Amino acid sequence: MNNLIIKNAHIITPQGTSAQCGRQMSELLKIARGTVEVTDGRISYVGENLEEDKPGYQVLDAKGRVVLPGFVDSHTHLVFGGYRPDEFVWRMNGDSYMSIMQRGGGIFNTVRATREASFEDLKVKAEWFIDAMSRMGVTTVEGKSGYGLDKDTELIQLEVMQAVNNDPNRKVDIATTFLGAHALPQEYAGQPDKYIDFLINEMLPLIKSKGLAENCDVFCEKGVFTIEESRRLLTAAKAMGYGIKLHADEIVSFGGAELAGELQALSADHLLHASDDGIRAMQAGGVVATLLPLTAFCLREPYARGRDMIDAGCAVALATDLNPGSCCSGSIPMLFALACIYMHLSVEEAITAITLNGAAAIGKADSIGSIEVGKWGDLVMLDTDTPNVLPYYTGMNSVQHTIKRGVLLSPSS
Ligand code: NIG
Ligand code: FE
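From a predicted model like this one, the values you see are computed outputs, not experimental measurements.

**Student:** Break down the packing of aromatic side chains for me, with residues and values.
**Tutor:** Using the criterion set out here, one finds eleven aromatic pairs in the structure. The interplanar angle of 25° and the centroid separation of 5.9 Å between the aromatic rings of Tyr188 and Phe198 together place this pair among those described as stacked. Of this pair, Tyr188 sits in the loop between strand 8 (173-181) and helix 6 (192-210) while Phe198 sits in helix 6, and the two are ten residues apart along the sequence. The interplanar angle of 5° and the centroid separation of 5.2 Å between the aromatic rings of Tyr303 and Tyr342 together place this pair among those described as stacked. With Tyr303 in the loop between helix 10 (293-299) and helix 11 (306-311) and Tyr342 in the loop between helix 12 (332-341) and helix 13 (347-353), this residue pair connects regions lying 39 residues apart in the sequence. For Tyr342, a relative accessible area of 48% corresponds to the partly exposed category.

Shown next as structure tokens:
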């Protein structure tokens, strides 16, 4: 049933159809005892409680519990073959992420496993993660290719995501991102320009013609793709109508945030080592600074300067970066805890970061990310009356119900 009324809800939501910057991130609408009505999957009323119930609607009494927009995890790599637990242990013993990659492990390890995996293997595995994330309140997730680095496997990764999106009973919508520039495949060793040409001349037009990806991303990093290569790829992608995104300044300070500002990218992601100039460039360019503290945690790296970015007027989003290497976690509860404890975001800022700003980071702030009439009825109900449990239940799930387009998903009471 796609008609739902939630009454007696403590409604908390950012508002608007674009990313919220700086101080705006903490300006949330709060209604202590209100009603959210969803009709045919879309929000049709938000406000004070209504006098009478309507026929044809499932009614849920929130009894004062918190209702938020569904969480938007705007950066994941959730379609992949194999796992890399050994590399995790090597890193715990002092090895570095980049040295493992330079020895042919890291992303290349997952590329080998993904090329060998079947469509069905990849889909079953992605759906396992989707189920887990849905129980933690995620209603939209971004998913990247980038573990094929060849034509067929990149397409298969994107087709897995398309198959999920075509399921009428799907628990999440997936925003699809082409990340062919995740690493230079061994077939193109020493020829990065030739590989970028291949992506621009063959892959981007093909994927566009098949409608398989909305965005294009690049791992812009020392030893992976240079600023110049990234600029060339993303400029071409933007001209073809893709939203553009960057893995920027993750391992070293490299100028990725500056490039994102220059190109007015949808988002720059990671940003552990973003410079002051980079922060200013993102603010000026309207780029969503997408922070992935679970990755910093797993890599034992310092956290991105989330507080400074918000104070500088940036729009900050939070996402998990779920992937088999640097961060094999889609934990929303841990994400809230790390953002509030170590990046000094307030609970309100963290909520905006993983709802409306996450939606903006995937170009969907006009249809999801807040509880407003006309947007999809994607909602989360917590099991308490205060949002402070989001970081306070550290690493523990405080979600009682996840609601996708007006349908109650979990638990089914
Ligand atoms: O966002 N840094 C590049 N990409 C991923 C890691 C991918 C992997 O190690 O498989 C990230 O951290
Ligand atoms: Fe990533």
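**Student:** Describe in detail the side chain of Gln157, supporting the description with residues and values.
**Tutor:** Inspection of the secondary structure assignment puts Gln157 in helix 5 (residues 151-166). When neighbours within four sequence positions are excluded, Gln157 is seen to be in contact with Val79, Thr114, Lys144, Ser145, Gly146, Tyr147 and Gly148.

**Student:** Report on the pattern of salt bridges, specifying residues and quantitative values.
**Tutor:** Summed over all chains, the structure comprises 24 salt bridges. The salt bridge partner of Glu87 is Arg84, with a shortest N-O separation of 2.9 Å. One salt bridge connects Asp311 with Arg307, and the closest N-O pair in it is separated by 3.1 Å. On the criterion of helical spacing, the pair formed by Asp311 and Arg307 is a turn pair, its members being four residues apart in helix 11.

**Student:** How would you summarise the coordination of the iron ion (ligand 2) if you had to cite specific residues and measurements?
**Tutor:** For a metal with four tetrahedral donors the ideal donor-metal-donor angle is 109.5 degrees, while six octahedral donors give ideal angles of 90 or 180 degrees. For the iron ion (ligand 2), the full set of protein donor atoms is His75 (NE2), His77 (NE2), His247 (NE2) and Asp321 (OD), at a range of 2.1 to 2.3 Å. Counting the intervening residues between successive donors of the iron ion (ligand 2) yields the motif H-x1-H-x169-H-x73-D. Here His77 is found in the loop between strand 6 (71-73) and helix 1 (85-92), whereas its partner Asp321 is found in the loop between strand 13 (315-318) and helix 12, with 244 residues between them in sequence.

**Student:** Explain unusual backbone geometry residue by residue, including any values.
**Tutor:** Its identity as a non-glycine residue notwithstanding, Asp249 has a phi of 50°, on the positive side. Here Asp249 lies in the loop between strand 10 (243-248) and helix 8 (256-263). One non-glycine residue, His270, lies in the positive phi region at around 90°.

**Student:** So what about the pairing of strand 1 (residues 4-13)? Which residues, and what values?
**Tutor:** Counting buried positions over the ten residues of strand 1 gives nine, a clear majority of the element. Here strand 1 pairs with strand 4 (residues 58-61) via four bridges, running parallel. Residue pairing across strands places Ile5 opposite Val59, the latter belonging to strand 4. Relative to strand 2 (residues 29-39), strand 1 runs antiparallel, the two being bridged by seven bridges. Within strand 2, the position partnered with Ile5 by the bridge is Glu37. Direction of pairing for strand 1 relative to strand 5 (residues 66-69): parallel, over a ladder of two bridges. Residue pairing for strand 5: His10 is matched across the bridge by Val66.

Definitions and cut-offs
- Residues numbered from 1 in each chain as written.
- Chains lettered and ligands numbered in written order.
- Predicted model: local features only at pLDDT ≥ 70, side-chain atom pairs only at ≥ 80, totals over all residues.
- Heavy atoms only, no water.
- Phe/Tyr/Trp six-rings, centres within 6.5 Å; stacked < 30°, edge-to-face > 60°.
- Helix = DSSP H or I, 4+ residues; strand = E, 2+ residues; numbered from the N terminus.
- Buried < 20%, exposed > 50% of the residue type's maximum accessible area, 1.4 Å probe, protein only.
- Contact = heavy atoms within 4.5 Å.
- Salt bridge = Lys/Arg side-chain N within 4 Å of Asp/Glu carboxyl O.
- Donors = N, O, S within 2.8 Å, 3.2 Å for Na, K, Ca; no water.
- Pairing = 2+ DSSP bridges.

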